[in-house]
Amino acid sequence: MWKIQKGYNSVSKTFRLPEEMVEKLDKLAYENNLSLNQLVIQCLNYSLDNLSIENDSDSKGSDT
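About the criteria used
- Residues numbered from 1 in each chain as written.
- Predicted model: local features only at pLDDT ≥ 70, side-chain atom pairs only at ≥ 80, totals over all residues.
- Heavy atoms only, no water.
- Salt bridge = Lys/Arg side-chain N within 4 Å of Asp/Glu carboxyl O.
- Helix = DSSP H or I, 4+ residues; strand = E, 2+ residues; numbered from the N terminus.
- Buried < 20%, exposed > 50% of the residue type's maximum accessible area, 1.4 Å probe, protein only.

Colleague: Before we go on, may I ask you to explain the pattern of salt bridges in this structure?
Modeller: Oppositely charged side chains can form a pair if their charged atoms are brought close together. For the coordinates displayed, the defined rule picks out 2 salt bridges. Its salt-bridge partner being Glu20, residue Lys24 comes within 3.5 Å of it at the nearest N-O pair. Taken together, the residues span about one helical turn, with Lys24 and Glu20 both in helix α1 (residues 19-31) at a distance of 4 residues. For the residue pair Lys24 and Glu20, the accessibility class agrees, reading exposed in each case. In this structure, the salt-bridge partner of Lys27 is Glu31, at a minimum N-O distance of 3.3 Å. Remark: Glu31 and Lys27 occur in helix α1; sequence separation between them is 4 residues, near one turn of the helix.

Quick look at the structure:
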């Protein structure tokens, strides 16, 4: 698991998440001695680094 860099610039945003997801994230953060914020940043960074963007025309025309 990689570590969050300290001292980065940040912006405050508000997100609404499903309760069950927040419970899982809280538990995972606690078990790994991370703040919830640090865990969410790691999850988002991983998702962005591993994102595969599909072309809209490919997904729309795949049924024909």
